[in-house]
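# Structural features, examined
Next come the chains, spelled out residue by residue.
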Amino acid sequence: MPGLLRGVARTAVIAGTATAVSNRVSRRQAGRWAQQEAQQTAAAAPPAPEAPPPAAAPAPAAVGMDDKIGQLKELSELKEQGILTEEEFAAQKARILSS
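Bear in mind the structure is a predicted one, so any value in this text is a computation, not a measurement.

About the criteria used
- Residues numbered from 1 in each chain as written.
- Predicted model: local features only at pLDDT ≥ 70, side-chain atom pairs only at ≥ 80, totals over all residues.
- Heavy atoms only, no water.
- Helix = DSSP H or I, 4+ residues; strand = E, 2+ residues; numbered from the N terminus.
- Buried < 20%, exposed > 50% of the residue type's maximum accessible area, 1.4 Å probe, protein only.
- Areas by Shrake-Rupley, 256 points an atom, 1.4 Å probe, with all protein chains shown as cover.
- Patch = residues over 30% accessible without salt bridge, like charges linked within 9 Å, V, L, I, M, F, W, Y side chains within 5 Å.
- Salt bridge = Lys/Arg side-chain N within 4 Å of Asp/Glu carboxyl O.
- Lys, Arg positive; Asp, Glu negative; His and termini not counted.
- Charge placed at Lys NZ, Arg CZ, Asp CG, Glu CD.
- Axes fitted to C-alpha atoms, helices over the stretch in contact; angles between N-to-C directions.
- Parallel < 35°, antiparallel > 145°, perpendicular 65-115°, else oblique.
- Contact = heavy atoms within 4.5 Å.
- Phe/Tyr/Trp six-rings, centres within 6.5 Å; stacked < 30°, edge-to-face > 60°.
- Lys NZ or Arg CZ within 6 Å of the ring centre and 35° of its normal.
- Expected span 1.5 Å × (residues − 1).
- pLDDT = per-residue confidence, 0-100.

### Overview of the overall build of the protein
A count of helices and strands for the protein gives three helices and zero strands. Written out in order from the N terminus, the α and β elements of the protein read α-α-α. When burial is assessed residue by residue, the protein has 5% of its 99 residues classed as buried. Element-wise, carbon and sulfur atoms account for 61% of the exposed surface of the protein, whose accessible area totals about 8600 Å².

### Considering a positive patch on the surface
Residues Arg24, Arg27, Arg28 and Arg32 make up a contiguous surface patch of positive charge. Inspection of the secondary structure assignment puts Arg24 in helix 1 (residues 2-44).

### Re the packing of helix 2 (residues 65-80) against helix 3 (residues 86-98)
Two elements in contact, helix 2 and helix 3, have axes whose closest approach is 10 Å; the angle formed by their N-to-C orientations is 175°. On the basis of their axis angle, the class for helix 2 and helix 3 is roughly antiparallel. Judged by residue contacts, Lys68, Gln71, Leu72, Leu75, Ser76 and Lys79 of helix 2 engage Glu86, Phe89, Gln92, Lys93, Ile96 and Leu97 from helix 3.

### Concerning the packing of aromatic side chains
For the coordinates displayed, the defined rule picks out zero aromatic pairs. In this arrangement the basic side chain of Lys79 is found over the ring face of Phe89, its NZ or CZ atom lying 5.0 Å from the centre.

### With respect to helix 2
A rise of 1.5 Å per residue sets the reference length of helix 2, with its 16 residues, at 22 Å; its end C-alpha atoms lie 23 Å apart and thus fit the reference within 8%. Positive backbone phi, approximately 90°, marks Gly82, located one or two places after helix 2.

### Examining the pattern of salt bridges
Per the stated rule, a full pass over the model turns up one salt bridge. Salt-bridge contacts for Lys79 lead to Glu86; the nearest nitrogen and oxygen are separated by 3.1 Å. The exposure class of Glu86 is partly exposed, given its relative accessible area of 46%.

### So, the confidence of the model for the protein
Looking at the protein, the pLDDT average stands at 78 and 79% of residues meet or exceed 70. Across the protein, the element-wise mean pLDDT spans from 80 in helix 1 up to 88 in helix 3.

Here it is as structure tokens:
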């Protein structure tokens, strides 16, 4: 019986090692193929021009205090609902107050 267990254990170790090696080779080869594909794509495509930064929304010419208060209330509601982050809220609030 001990010989049988030893044979089964040896087979399990060999099979496990073979599987691990096979998986590692497959991952390495897939990485090489991806790298080659990226190089070919970069060489074939001309460099894309950089997109200009998005223009800031123009502020209305004369915004009354009531309009600013209304906008700030809408912003605070969006922040409370979780739509705006604290940073986004602060940036928009500064934009409204500076106009």
